[in-house]
Amino acid sequence: MNKQSIGIFDSGIGGTSIWKEIKKVLPFEDTIYLADSKNAPYGEKSPQEILDLSIKNTEYLLSRNCKIIVVACNTATTNAISYLRSKFDIPFIGIEPAIKPAVLKSTSKKIGILATKGTLSSALFNNTSNAYSKGITIIEQDGEGLVPLIEAGLVNSIETRQLLLKYITPMVEQGIDHLVLGCTHYPYLIPVLKGLMPPHIQIIDSGEAVAKQTKNVLEKYDLLLETGVSTNQLYTNADVAILKTFLKGYTVDVSYLNF
Ligand code: DGL
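Structural notes, computed from the coordinates. Here the structure is a predicted model, which means the values were calculated and not measured. (Residues numbered from 1 in each chain as written. Predicted model: local features only at pLDDT ≥ 70, side-chain atom pairs only at ≥ 80, totals over all residues. Heavy atoms only, no water.)

## Quick look at the packing of helix H1 (residues 16-25) against helix H10 (residues 207-220)
In step 1: Two numbers describe how H1 lies on H10: the axes approach to 8 Å, and their chain directions differ by 50°. Relative to H10, the element H1 is oriented oblique. The two elements H1 and H10 cross, and the hand of that crossing is right-handed. Taken together, the residues of H10 that come into contact with H1 (itself represented by Ile18, Glu21, Ile22 and Val25) are Gly207, Glu208, Val210, Ala211, Lys212, Thr214 and Lys215.
In step 2: Considering only residue class, the contact of H1 with H10 consists of five nonpolar, two polar and four charged. (Axes fitted to C-alpha atoms, helices over the stretch in contact; angles between N-to-C directions. Helix = DSSP H or I, 4+ residues; strand = E, 2+ residues; numbered from the N terminus. Parallel < 35°, antiparallel > 145°, perpendicular 65-115°, else oblique. Left-handed = near helix turned anticlockwise from the far one by under 90°. Contact = heavy atoms within 4.5 Å. Nonpolar A, V, L, I, M, F, W, Y, C, P; charged D, E, K, R; others polar.)

## Some details on the site of the ligand
In step 1: Neighbouring the ligand are 13 residues; Ser11, Tyr42, Gly43, Thr75 and Thr184 lie closest to it.
In step 2: In the environment of the ligand, a nitrogen atom lies 2.9 Å from a nitrogen or oxygen atom belonging to the side chain of Asp10.
In step 3: Taking Thr184, its side chain carries an N or O atom lying 2.7 Å from a nitrogen atom of the ligand.
In step 4: For the ligand, whose accessible area on its own is 290 Å², the fraction buried by protein is 99%.
In step 5: Classifying every residue of the shell around the ligand gives five nonpolar, seven polar and one charged. (Near = heavy atom within 4 Å. Polar contact = N/O pair within 3.5 Å; in protein donor to acceptor, adjacent residues only side chain to side chain. Areas by Shrake-Rupley, 256 points an atom, 1.4 Å probe, with all protein chains shown as cover.)

## A look at the sheet that holds strand S2 (residues 31-35)
In step 1: The strand order S4-S3-S1-S2-S9-S10 describes an open sheet built from six strands, whose pairing is parallel. Lying at the two open borders of the sheet, with one neighbouring strand each, are strand S4 (92-93) and strand S10 (253-256).
In step 2: Direction of pairing for strand S1 (residues 6-10) relative to S2: parallel, over a ladder of five bridges. When the bridges of S2 are listed, Gly7 appears paired with Ile32.
In step 3: Contacting S1, strand S3 (68-71) and S4, H10 crosses the sheet at an angle of about 165° to S3. (Pairing = 2+ DSSP bridges.)

## Let's talk about the nonpolar core
In step 1: Residues Val70, Leu179 and Tyr186 are the most contacted members of the largest nonpolar core, which totals 50 residues.
In step 2: Looking at this core, the element that brings in the most residues is helix H8 (residues 158-173), giving five residues.
In step 3: Those residues within four positions of Tyr186 in sequence are excluded, and the remaining contacts are Leu114, Ala115, Thr116, Gly143, Leu146, Val147, Ile150 and Leu181.
In step 4: If you look at the next biggest cluster of nonpolar residues, it comprises 23 residues, including Ile55, Tyr60, Cys73 and Phe92. (Core = buried A, V, L, I, M, F, W, Y, C linked by side-chain atoms within 4.5 Å. Buried < 20%, exposed > 50% of the residue type's maximum accessible area, 1.4 Å probe, protein only.)

## Let's talk about the side chain of Lys20
In step 1: On the secondary structure map, Lys20 appears in helix H1.
In step 2: No salt bridge is formed by the buried Lys20, whose closest oppositely charged neighbour, Glu21, lies at an N-O distance of 9.1 Å.
In step 3: For Lys20, the side chain forms a polar contact with the main-chain oxygen of Phe246, separated by 2.6 Å.
In step 4: When residues no more than four places from it in sequence are discounted, the contact partners of Lys20 are Tyr188, Phe246, Leu247 and Tyr250. (Lys, Arg positive; Asp, Glu negative; His and termini not counted. Salt bridge = Lys/Arg side-chain N within 4 Å of Asp/Glu carboxyl O.)

## Overview of the side chain of Thr31
In step 1: Following the sequence through the fold, Thr31 ends up in strand S2.
In step 2: Given the relative accessible area of 1%, Thr31 is considered buried.
In step 3: Leaving out residues up to four positions away in the same chain, Thr31 has contacts with Ser5, Ile6, Ile8, Trp19, Lys23, Thr231, Asn232 and Gln233.

Structure, rendered in structure tokens:
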């Protein structure tokens, strides 16, 4: 049992989709969340820039005495988690596009992956993709432009719908039966996506798996907290009001922090 917080970071508000999954399975745990929206999108930055930002976020969470860090960002995980694990003596949980479950479930043997350029160009992603690509067509699509729209709170805008349609239409035409969401911002697009795709196409994201893995690792290191009232501090270095709109209905403390 351990009362230290779970630290979570993302390039912005996207990782709150992971934070919500974590709170479902770990309701008693205190959390500290960093939305680095000032530097979003990470997906358009160089691997070195993504690494530097990931180190900065990690160092802040360590200064707050977190017991585990969840990298709630595919782009930061695929570009930085190996380094973070080698440099910092604390467990890290990462998130990667869920290629394996999509490949195993696909009957059309065609799956689509919507992720950032930073994720799609990373060695970690490409190793996984190559490992599961035998007999399967994996259609990759860079979701350029989607993260800034979500960061602006424009989830349901005409611009967002048009961009999504442009990205998913070629995949749908090629016969995908699963669409993997490889960015933690994208689960917020699921209601819009469902309206734009044929209903037989399954949408897969990794949020629930990441939350379960976080619980498993806390148990393994005897760090799990199973009673009490949790505190949840979420910080953004940009617009507090927008972050709050993604957390309606949750008991949280949302504030500005210059990190
Ligand atoms: N939420 C981040 C991810 O999962 C978005 C990356 C970005 O800021 O471009 O990849």
